[in-house]
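The chain contents come next:
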Amino acid sequence: VYKRQIRNLIRDSRIVYGGGSAEIACAVAIRESADQVNDEEQYALRGFAEALEQIPLALADNSGLSPIEAVSSARSRQIAENNANLGIDCLLRGTNDMKEQNVYEVFHSKKQQLQLATQVVKMILKIDDVIAHNSYE
């Protein structure tokens, strides 16, 4: 695993801060975009934002924190402080700033994770559409 991360870091030296901060920041941006959409597409955008927040919810839950409270707090602080580095303090160090905690992920890996997850959802929706269409015949 570490060799792959190092290889990805050599390919692209960009990083994102971990602890679910990137997912929360993406979810906030997507919700803001959904506010600008007036048709049914806004529901898909909000659903995608909610799905992104499952990662920090799982991190909080696995760390023994109250998941909803931890993610809500991180999200509201990200918005209020305009600081996308705020995530889940899994190590209970007293700060939610992942930059201060040196918790980061390789950008290339995070990008691949999100692309793969999106492709899987699209595949499931296509299969569901085929099954639903065939069940009416």
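Anyway, here's the lowdown on the structure attached to this text. Fair warning: this is a prediction, and the values are worked out from it, not measured in the lab. (Residues numbered from 1 in each chain as written. Predicted model: local features only at pLDDT ≥ 70, side-chain atom pairs only at ≥ 80, totals over all residues. Heavy atoms only, no water.)

All right, on to the pattern of salt bridges then. The full count for this structure, using the stated rule, is 7 salt bridges. Here Arg31 ties to Glu53 by a salt bridge, and the two come within 3.1 Å at their closest N and O atoms. Taken together, the residues Arg31 in helix 2 (residues 21-34) and Glu53 in the loop between helix 3 (41-52) and helix 4 (54-62) connect sequence positions 22 residues apart. The class of Glu53 is buried, set by a relative accessible area of 5%. (Salt bridge = Lys/Arg side-chain N within 4 Å of Asp/Glu carboxyl O. Helix = DSSP H or I, 4+ residues; strand = E, 2+ residues; numbered from the N terminus. Buried < 20%, exposed > 50% of the residue type's maximum accessible area, 1.4 Å probe, protein only.)

Next up on the list: the environment of Tyr17. Counting through the fold element by element, Tyr17 comes out in strand 1 (residues 15-17). In this structure the C-alpha to C-alpha distance between Tyr17 and Glu105, which are 88 residues apart in sequence, comes to 6.0 Å. Ignoring anything within four residues of it in the chain, the contact list for Tyr17 reads Ala22, Asn85, Met98, Lys99, Val103 and Tyr104. (Contact = heavy atoms within 4.5 Å.)

Looking now at the nonpolar core. By size, the foremost hydrophobic cluster in this structure holds 7 residues: Ile24, Val28, Ala60, Ala70, Val71, Ala74 and Ile88. When residues of this core are traced back to their parent elements, those giving at least two are helix 2 and helix 5 (67-81). For this core, the element with the most residues is helix 5, which contributes 3 residues. Aside from chain neighbours lying at most four places away, what touches Ala74 is Ile24, Leu86, Gly87 and Ile88. (Core = buried A, V, L, I, M, F, W, Y, C linked by side-chain atoms within 4.5 Å.)

Viewed as axis vectors pointing N to C, helix 2 and helix 3 meet at an angle of 170°, and their least axial separation amounts to 8 Å. On the basis of their axis angle, the class for helix 2 and helix 3 is roughly antiparallel. Between helix 2, through Glu23, Cys26, Ala27, Ile30, Arg31, Ser33 and Ala34, and helix 3, the contact on the second element is made entirely by Gln42, Leu45, Arg46, Phe48, Ala49, Glu50 and Leu52. Here the residues of the contact of helix 2 with helix 3 sort into 8 nonpolar, 2 polar and 4 charged. (Axes fitted to C-alpha atoms, helices over the stretch in contact; angles between N-to-C directions. Parallel < 35°, antiparallel > 145°, perpendicular 65-115°, else oblique. Nonpolar A, V, L, I, M, F, W, Y, C, P; charged D, E, K, R; others polar.)

Attention shifts here to the packing of helix 3 against helix 4. Packing of helix 3 against helix 4 leaves a shortest axis separation of 4 Å and a crossing angle of 25°. As far as their axial angle goes, helix 4 and helix 3 are roughly parallel. Residues Glu50, Ala51 and Leu52 of helix 3 lie in contact with helix 4, whose contacting residues are Gln54, Ile55 and Pro56. Partitioning the contact of helix 3 with helix 4 into residue classes produces 4 nonpolar, 1 polar and 1 charged.

Backbone geometry follows two general trends: most residues other than glycine have a negative phi, and most peptide bonds adopt the trans configuration. Here the phi dihedral of Asn82 falls at roughly 50°; this positive angle occurs in a residue that is not glycine. Tracing the chain through its elements places Asn82 in the loop between helix 5 and helix 6 (98-101). In this structure, Leu92 takes a positive phi of about 55° despite not being glycine. Examined against the element boundaries, Leu92 turns out to sit in the loop between helix 5 and helix 6.

Let us now look at the side chain of Gln101. With respect to the helices and strands, Gln101 occurs in helix 6. What makes Gln101 buried here is its relative accessible area of 6%. In terms of polar contacts, Gln101 uses its side chain to reach the backbone carbonyl oxygen of Thr95, at 2.5 Å. Excluding residues that lie within four positions of it along the chain, Gln101 makes contacts with Asp89, Leu91, Arg93 and Thr95. (Polar contact = N/O pair within 3.5 Å; in protein donor to acceptor, adjacent residues only side chain to side chain.)

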